[in-house]
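# Architecture and fold: a report
The lines below spell out each chain.
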Amino acid sequence: MAETEAAPSKSFAEKQAERMARLKNLHTQRNEARVSNHKEVIAEDERKHLPANWESRQKQAEWLMDDLNARTAAQEKGLDYNRVKLLNVSAAEADRIDKLKAKKKNADPGFSDYEAQTARQYNRLVKNLPPRDLVKYEEQKEKYGEAFYGGPNVILQGMHKDTPAAIDNMVKDLEGQIAKRKKFSRRRTHNDDADIDYINEKNARFNKKLERFYGEHTVEIKQNLERGTAI
C-alpha cells in the first residue's frame, strides 16, 4: 500500500496574496453593487415624475409603431394587411373584437350629467389627435430637463413656443366644434298654455333641467308654495 504524500503547506506570502485577491474581489463586487443601486435609484426617481398612465401610453405607442411597420411591409409585398393580420388572430380574440365593434356602433348613451359629457368630449378630442412623435418627445425631454415634467416650482411660461401649424390645427378644430354646435342648435316650439316660471330662455332651459332631475322629489314643496301654505 502506497503512502500518500502530504500536501506542502503554503507560505505566509502565498496566503497573504490569496487573502488580498479575495479582498480585492469583494471590493469590486461592492463597487458594482453600489453603481447598480445608484442607477436604480435614479431610474425610480424618473419613474415617479412620469404620468400615471405612462406605461400604458408607452405600450400603445410601441403597438402603433409595430402595426405601422407590419402594414408597410405588407404593402411592399402587395398583400392585404387586414387579411394578413386576421391569420394571426384566434377565434376568441376575433369574437372579442366583434363585440367591441358592435358596442361602438351605438357608443353614445345620451346625456347623463355634465361631468360625463365633458369626459366624452375630452376622449373624442384625444382620439382625433395625430400620432405621437416619440423622437420629438425625447428631444424635448433632453432639452428641458427637470422642467419637462412641470413640477410645482417650475415656470413654463416662455419655455415652449407653438408652431404655426399647431396653432392652425387648433383654430381649425375650434371652428369645427363651433360649426357642429350650430348645426344642433334649434329653437324649441313654444307652448302658450304652459306656466311661465322663467325670465328668459336661458332660465327656462335651466328650470327644465331642474324639473327633469329633481321634479319628482319636490312635488310637495312646489304645491305648498303655490297654495301659500309652505312653512
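Keep in mind it's a predicted model, so treat the numbers as computed, not measured.

### Focus: the overall build of the protein chain
Each helix and strand counted, the protein chain has nine helices and zero strands in total. From first element to last, N terminus to C terminus, the protein chain shows the α and β order α-α-α-α-α-α-α-α-α. Long-range pairs, those at least 24 residues apart, make up 28% of the contacts in the protein chain with a sequence separation of at least 6. As displayed, the protein chain has an accessible area near 22,000 Å², and 55% of this comes from carbon and sulfur atoms.

### Details of the confidence of the model for the protein chain
Here the protein chain averages 80 in pLDDT, and 90% of its residues register 70 or above. Confidence scores differ between elements of the protein chain, with helix 4 (residues 91-104) showing the lowest mean pLDDT of 77 and helix 8 (residues 201-214) the highest of 87.

### Here's the deal with the pattern of salt bridges
Working definition: two side chains of opposite charge can pair if their charged atoms are close together. Taken as a whole and assessed by the stated rule, the structure comprises two salt bridges. For Arg71, the salt bridge goes to Asp67, with nearest N and O atoms at 3.8 Å. Highlighted residues: Arg71 and Asp67, both in helix 2 (residues 54-76), separated by four residues, approximately one helical turn. Exposure remark for Asp67: the relative accessible area of 14% places this residue in the buried category.

### Brief notes about a negative patch on the surface
Among the surface-exposed residues, Glu44, Asp45, Glu46 and Glu146 lie close enough to one another that they form a single negatively charged patch. Structurally, the position occupied by Glu46 is in helix 1 (residues 12-49).

### Points about a nonpolar patch on the surface
Where nonpolar side chains cluster on the molecular surface, the patch consists of Ile167, Met170, Val171 and Leu174 and spans about 340 Å² of accessible area. Among the secondary structure elements, Met170 is positioned in helix 7 (residues 164-184).

### Considerations on a positive patch on the surface
Taken together, the side chains of Lys202, Arg205, Lys209 and Arg212 define a basic patch exposed on the protein surface. Counting through the fold element by element, Arg212 comes out in helix 8. Judged by relative accessible area, Arg212 falls into the exposed class, the value being 54%.

### Some thoughts on the packing of aromatic side chains
Summed over all chains, the structure comprises one aromatic pair. Centroid distance Phe213 to Tyr214: 6.5 Å. Interplanar angle 55 degrees. Geometry classified as tilted. What makes Phe213 partly exposed here is its relative accessible area of 37%.

The rules we used
- Residues numbered from 1 in each chain as written.
- Predicted model: local features only at pLDDT ≥ 70, side-chain atom pairs only at ≥ 80, totals over all residues.
- Heavy atoms only, no water.
- Helix = DSSP H or I, 4+ residues; strand = E, 2+ residues; numbered from the N terminus.
- Contact = heavy atoms within 4.5 Å.
- Areas by Shrake-Rupley, 256 points an atom, 1.4 Å probe, with all protein chains shown as cover.
- pLDDT = per-residue confidence, 0-100.
- Salt bridge = Lys/Arg side-chain N within 4 Å of Asp/Glu carboxyl O.
- Buried < 20%, exposed > 50% of the residue type's maximum accessible area, 1.4 Å probe, protein only.
- Patch = residues over 30% accessible without salt bridge, like charges linked within 9 Å, V, L, I, M, F, W, Y side chains within 5 Å.
- Lys, Arg positive; Asp, Glu negative; His and termini not counted.
- Charge placed at Lys NZ, Arg CZ, Asp CG, Glu CD.
- Phe/Tyr/Trp six-rings, centres within 6.5 Å; stacked < 30°, edge-to-face > 60°.

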